[in-house]
Amino acid sequence: MVNKANLFGYLVKHKWRYVRGLFLLILINVLQVLVPKITGQIVDGLETLSLDDRKLLYYGAILILISLMTFVSHFLSRLQVAGASNRFDYEVRNVMFDHMLKLSMKFFHRNRVGELMALATNDLGSLRMITSRGFNLMTNTLILLVSSIFIMVRYVDPRLTLYSFLPLPFLVLVMTKFGPMINRRFRRVQESFSDLTRKTTENITGIRVVKAFVQEDYEKENFAKVNQENFDINMDLVRLQGIFYPLINLISSLSFLIAFVYGGNLIISKQISLGDFIAFNGYLGIIIRPVMSIGMIINFAQRAKASKERIEELLNEEPDIVDTVPDNPGPGQAEDFHGRIEFRNLTFAYDKKGPNVLENINLTIEPGKTLGIIGKVGSGKSTIANLILRLYDPLEEGQLLIDGVDITKTSLKRLRDNIGYIPQDNFLFSSTIRNNIGFMPEEPTLEEIRRAASISQIDESIMELPDQYDTILGERGVNLSGGQKQRVSIARALVRDPKILIMDDCLSAVDTDTERKILNELKPFMEERTCIIIAHRVSSIQDADEIIVLDDGRIIERGSHEELLELNGYYNRIYQRQLLEQEIETA
Amino acid sequence: MDDRGKNQDRVYDRKLVWRMLEFAKPYWHYFVISLLLIFTITGASLARPYLTKVGIDKYINGVVKSTMSVEEARQGIWTLGIMFLVLIIVEFILGYLQRYLLELTGKKIIYNIREKIFNHVQHLPLSFFDKMAAGRVVTRVTNDPETINELFSGVLVGFIRSMVEMIAIIIVMFRLSSRLTMVSFMVLPLIVVATIIFRRTARKVWQRIRTKLAEINAFLAEHIAGMGIIQAFNMQNRKAQEFDKVNKEYFEAHMKSVKVFGIFRPFMDVVETLGMALLLWYGGRSILAGALEFGTLYMFVDYLGRFYWPIRELTEQFNTLQNSIVSAERVFNLLDQEVEPRIEGTIPDYDNMVGEIEFKNVWFAYIDENWVLKDISFKIKPGESAAFVGATGAGKTSIINLLCGFYEHQRGEILIDGVDIRDIGKEKLRRNIGLVLQDVSLFSGDIATNIKLFEPDISREEVVRAAKHVHAHEFISKLYGAYDHEIGEGGTTLSVGQRQLISFARALIRDPKILVMDEATSHVDTETEELIQDALINLMKGRTTIAVAHRLSTIQNADKIILIHKGRIREMGNHQELLSKRGLYYNLYRLQYDPEYKVS
């Protein structure tokens, strides 16, 4: 078992692939180094006219044989090295996602979706780069440099080698200096492009305002500014990038120039042969690319190092909501889940330094009873749902008990398996309707799914779709209306046959008529279960056994619908207003 | 049948390409200079192997064969060396110039296309935006111009360069030795075919990798955003399995590419070596027979290596061409959309608007004859207010849309101060209307900019005065930087109520004669609600107001309440009149004061 946060461990698993790949790479390079040597021999043979037809044919055959062998070993080495690195990539991505599944909501509040996604794609991609192309480049560079230089010095001429190599360090310098500079400017180009996209998006989505306030001409001017800026930043990149390749070409050509002039003089003074000279040029050609890759490898490595650190930071993140008891019910827990919920002097804040979202909440919901929660946006209603689901743990004072046991001491799986949760935003996944409703560890049968869908008044609409329950939702599929989404989301909670049902403002997107129908259908279902209904509309909660009015994290009014109306306070006020407004809407 | 369709496509493509060339037309001389530079550079780089050949054949072999003195040869080599140096420096300078010039031209073209599209979009009617998703319009402005430009800076120049390079090499080779040239090109068909097949396969493989990567991205985006739901429903294990599936497909796509590239690229090397071996063998025999100079053979080897590059590039350019044609088609499609009619009015100086509004038997449909408004007639005197009440989809918002000239009504007349709004012209009409929308669009920028928008004549004092008038000043001055406070992307830092107050200020600052308001339905907290109601009273003072109303206070205080049902006016009158009618409005009203009262 490898240490989860140590990425190197995942690579070591594939060490034999790398060893095999290394052998093949050495073989390829040896073969490659042979080629100039053979051409050199041919040249000398031709020069001294010591070759004959048969010998010439023989050399040609060797060249082809070498290239065939290179071909095979090339293919096999790719399979080994790229295979290892792609497996590494695949495994680490799985590990990352599995780890994210364990992290609590707090983590996801701290980290942006886009950044987490970048970890699993871009950062992992730069690791894949260094473990495959980087590995190949490094090996090739090392072998080619060492062997070519050895041959050049040993068999051709050390001084010629030395002089011709003089420009090469500049090549490395240019690569390492220019690479990051180009990257930086390129990033600015990308940023400026997203500015452009943002400006355009704002304009298009706000086109009504633009037109209504006759802002078209100003918008054109503003766009011209962003457009010009984008142009300028692009040209900044062009100015730098445009010089890059000509410069590299210049430097490597200088090497050839030196080889030509100095080498030519050496031939003339008979210190080397023409064949040596041709072979030398061949080696120089072979060596230029590895020298350039030294710069590339350095850039790769820097990026990979940063990526590795970022990924390891994610994997080192400790999940903070975990089971403190084994999954099977312990002695303190009854076999049956009853669904009694009790808040005892509970005060809660999402952040230790942040403001309290709930203050001194005392609340008991007996099994089978229904609690209604009403209050302004931000009054803490959804937080109550989040706490019962244990998406957050209470940090401050107070306790939350489920069936008399502290919530942190019940098994997470057992708790959540017994809760049916209908979230505020009706989050659905772009999968089939069947998968969206049958959203539980053990997939329910289609019959069970349809039963839940009929209670939430959506079965009929689904059966009217061409693919019925196999209809795919989301961007590449069917888009349901807000009300339909809510009903699917309700069915998703019902199909689990939970002991506790939490409805977080889930009926706001359906009209009052449908709301009534759904609540009527739900009634028998709710009677056997502990229910919490969080709502904006009084009509959703007026039948609850108890209603609490939350304001700024405190319970300011509590009682039954009738009791609250008599109080003639906040609850009564919103009731009256909503009644009228709804009637106007449906007139 | 099919063939004819293809032919038509080709003619169509050609037309498109001609139309695309219009964008490049202002810069044609840049392209010519760029091409001239390319030719010079190509010439310079082709001269290099020639120098080597001269060095070997004339000087080195001259010494070897003792036809030349060592000193002379040395001198010659040095001269060649200096020419070599001049060549590479020229190559460097011209290479940079050429790249710079070409890119500069390309970016200018992109700039122009973008500007053209954006400016055109500004004048498209709202009905266009109903049909087309915002994201797609944005892509037309941002991405498509870059793809179109590829035709100029990538394909056009690249194509000519590749062709010139290839032809130049062929000519030089033929002039040196036609036999050797034939031998060198024996493997050429094999290379061309292999390259084309490889490009095609490679493109498919890359496409698959990109698709799978996009799937991984979509999966992660969705599941990280829905992590709470996954955990609340104990779906971690099933989701991990689902991810494994997507991830594995991505892995497999990569492995496929490893195989494709692993076979094709080394294969090309084999073919190239084969060509080289042929050349060496044949050339070697010629040298042995004394029919060929060694330097010539050496040069051939060099040229042959250079010949493979343009071939590779040509196949690449063909794909690019196709992509830019697709983009161009989309862009032209958008540019061909008709702009809003009647921006300018027919009445030259219609300035002193009083604000009397009259609808006379107005019929309106968004599509065909699906009437949304049927025979709507009403009249609102200057300074009066009208509240439209009715169910969602009854047609309330459509009335606002028509009054602002966002859509064209099919029958009847809409008159302001007795003048048809079509004669007033959209610009003038809208300058006199203050519009407050349900969904407040905020732009990135500071608060002041969001109130005055980009009107340069509005001073800071006026902004503050307007904000104070609608009670927005209080919360704005509490923000960091007050009126200079930057609003983030989409303006998420402000609450719904605060956004509404800003939109009030935005309308008020222009001191419009007519106020048009689509009241927000979303509930805000009580304190803000009171502020909003108070601000509304200030806002409506002295203006003709038309409101799609949800708030009871707005409705009760309106001079005219108009109840709309299924596109028709059902009841009209002020609060008292409607109550005495004992109709629908009466029912609604009684509900509040009589808990026992049930709507019959």
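Computed from a predicted structure; not experimentally measured.

Draft legend 1. How the structure looks around the overall build of chain A. Along its length, chain A carries 20 helices and 10 strands. At 36 Å, chain A has a C-alpha radius of gyration far larger than the 25 Å of a compact globule built from 587 residues. Dimensions of chain A, computed from C-alpha atoms along their principal axes, come out at roughly 115 × 70 × 50 Å. Across the 587 residues that make up chain A, the buried fraction comes to 55%. A sequence separation of at least 24 residues applies to 77% of the contacts in chain A between residues at least 6 apart.

Draft legend 2. The interface of chain A and chain B, seen in detail. Listed by partner, the interface residues are 135 residues for chain A and 142 residues for chain B. Taken together, the connections running from chain A to chain B amount to three salt bridges. The partner of Glu340 of chain B in a salt bridge is Lys211 of chain A, and the shortest N-O contact between them spans 3.0 Å. Scanning the region where chain A abuts chain B turns up 27 residue pairs in polar contact (both at pLDDT 80 or more). Of all the elements, helix H9 (residues 216-268) of chain A adds the most residues to the side of chain A that touches chain B, at 32 residues.

Draft legend 3. The pairing of strand E8 (residues 530-535) of chain A, seen in detail. All names here are of chain A. Taking burial as the measure, the six residues of E8 include six buried ones, the bulk of the element. The alternating pattern of E8 places Thr530, Ile532 and Ile534 and Cys531, Ile533 and Ala535 on opposite faces, both of which are buried. Pairing between strand E7 (residues 500-504) and E8: five bridges, direction parallel. Note on E8: the bridge partner recorded for Ile500 is Thr530.

Draft legend 4. Region of the structure containing empty space enclosed by the protein. All names here are of chain B. Applying the stated rule across the entire model yields six cavities of 30 Å³ or more. In this structure, the largest cavity spans a volume of roughly 90 Å³. At the level of secondary structure, the elements contributing two or more residues to the lining of the largest cavity comprise helix H12 (421-424) and helix H13 (426-431).

Draft legend 5. Summary view of the nonpolar core. Core analysis: the biggest nonpolar cluster contains 94 residues, and Ile42, Leu274, Ile278 and Ile287 of chain A together with Phe294 and Leu297 of chain B have the highest contact counts within it. The greatest single-element share of this core, amounting to 15 residues, is contributed by H9 of chain A. With sequence-adjacent residues up to four places away left out, Phe294 of chain B is seen in contact with Val43, Leu46, Glu47, Leu274 and Ile278 of chain A together with Ile56, Asp57 and Ile287 of chain B. Core analysis: the next-biggest nonpolar cluster, separate from the first, contains 89 residues, Tyr10, Met117, Phe343 and Ile419 of chain A among them.

Draft legend 6. Focus on the environment of Arg112 of chain A. Along the chain, Arg112 of chain A falls in the loop between helix H4 (105-110) and helix H5 (113-156). Sequence separation between Arg112 of chain A and Leu507 of chain A is 395 residues, and the spatial gap between their C-alpha atoms is 29 Å.

Draft legend 7. View of the pattern of salt bridges. Applying the stated criterion to the full structure yields 40 salt bridges over all chains. Ionic pairing is found between Lys199 of chain A and Glu219 of chain A, a salt bridge with its closest N-O pair at 3.3 Å. Here Glu219 of chain A lies in helix H9 and Lys199 of chain A lies in helix H7 (residues 168-205), a separation of 20 residues in the sequence. Glu219 of chain A carries the same exposure label as Lys199 of chain A, and that label is buried. Between Asp217 of chain A and Lys220 of chain A there is a salt bridge; the shortest N-O distance is 3.7 Å. One end of the pair is Asp217 of chain A and the other is Lys220 of chain A, both in helix H9 and three residues apart, which spans about a single turn. What you see here is one network of salt bridges that share partners, running through Lys211 and Glu216 of chain A together with Glu340 and Arg430 of chain B.

Draft legend 8. Focus on the pairing of strand E6 (residues 433-436) of chain B. Residues and elements named next belong to chain B. Of the two faces of E6, the one lined by Ile433 and Leu435 and the one lined by Gly434 and Val436 are each fully buried. Inspection of the sheet shows E6 paired to strand E9 (residues 514-518) by four bridges, in the parallel sense. When the bridges of E9 are listed, Leu435 appears paired with Val516.

Draft legend 9. Expanded view of the sheet that holds strand E5 (residues 419-420) of chain B. Residues and elements named next belong to chain B. Here four strands make up an open sheet; going across it, the order is E2-E1-E4-E5 and the pairing antiparallel. Of all the strands in the sheet, just strand E2 (371-380) and E5 have a single pairing partner and so form its edges. Examined bridge by bridge, strand E1 (residues 357-365) and strand E4 (residues 411-416) share five bridges and lie antiparallel to one another. Residue Ile357 lies in a different strand from E4, and its bridge partner there is Ile416. Packed on one face of the sheet, helix H11 (residues 396-403) meets E1, E2 and E4 and runs near 110° to E1.

Draft legend 10. Region of the structure containing the packing of aromatic side chains. In total, this model carries 31 aromatic pairs over all chains according to the counting rule given. Seen in terms of ring centroids, Phe198 of chain B and Phe261 of chain B are 5.5 Å apart; in terms of plane orientation they differ by 90°. Their pairing is edge-to-face. Pair noted here: Phe198 of chain B is in helix H7 (residues 188-225) and Phe261 of chain B is in helix H9 (residues 236-288), with a separation of 63 residues, a long-range link. Judged on exposure class, the residue Phe198 of chain B and its partner Phe261 of chain B are both buried. An aromatic cluster is defined as three or more aromatic residues linked by ring pairs; in this entry it consists of Phe198, Trp206, Phe261 and Phe264 of chain B. Lying across the ring of Phe233 of chain B, Arg492 of chain A places its NZ or CZ 5.1 Å from the centre.

Draft legend 11. Broad picture of the environment of Ile204 of chain A. Locating Ile204 of chain A in the fold gives a position in helix H7. Here the alpha-carbon distance between Ile204 of chain A and Phe231 of chain A, two residues 27 residues apart in the chain, equals 21 Å.

Draft legend 12. The arrangement of the packing of helix H3 (residues 53-102) of chain A against H7 of chain B in detail. Two numbers describe how H3 of chain A lies on H7 of chain B: the axes approach to 12 Å, and their chain directions differ by 15°. By the angle between their directions, the pair H3 of chain A and H7 of chain B is classed as roughly parallel. Crossing geometry of H3 of chain A relative to H7 of chain B is assigned as left-handed. In this structure, H3 of chain A uses Arg93, Phe97 and Met100 of chain A to contact H7 of chain B, whose residues at the interface are Ile216, Phe219, Leu220, His223 and Ile224 of chain B.

What counts, and at which threshold
Residues numbered from 1 in each chain as written. Chains lettered and ligands numbered in written order. Predicted model: local features only at pLDDT ≥ 70, side-chain atom pairs only at ≥ 80, totals over all residues. Heavy atoms only, no water. Helix = DSSP H or I, 4+ residues; strand = E, 2+ residues; numbered from the N terminus. Rg over C-alpha atoms; globule rule 2.2 N^0.38 Å. Buried < 20%, exposed > 50% of the residue type's maximum accessible area, 1.4 Å probe, protein only. Contact = heavy atoms within 4.5 Å. Salt bridge = Lys/Arg side-chain N within 4 Å of Asp/Glu carboxyl O. Polar contact = N/O pair within 3.5 Å; in protein donor to acceptor, adjacent residues only side chain to side chain. Pairing = 2+ DSSP bridges. 1 Å grid on protein atoms, 1.4 Å probe; cavity = no way out; pocket = protein on both sides within 12 Å on 5 of 7 lines; lining within 4 Å. Points joined across faces, edges and corners; volume = space filled by probe spheres on them. Core = buried A, V, L, I, M, F, W, Y, C linked by side-chain atoms within 4.5 Å. Axes fitted to C-alpha atoms, helices over the stretch in contact; angles between N-to-C directions. Phe/Tyr/Trp six-rings, centres within 6.5 Å; stacked < 30°, edge-to-face > 60°. Lys NZ or Arg CZ within 6 Å of the ring centre and 35° of its normal. Parallel < 35°, antiparallel > 145°, perpendicular 65-115°, else oblique. Left-handed = near helix turned anticlockwise from the far one by under 90°.

Structural measurements only, silent on function.
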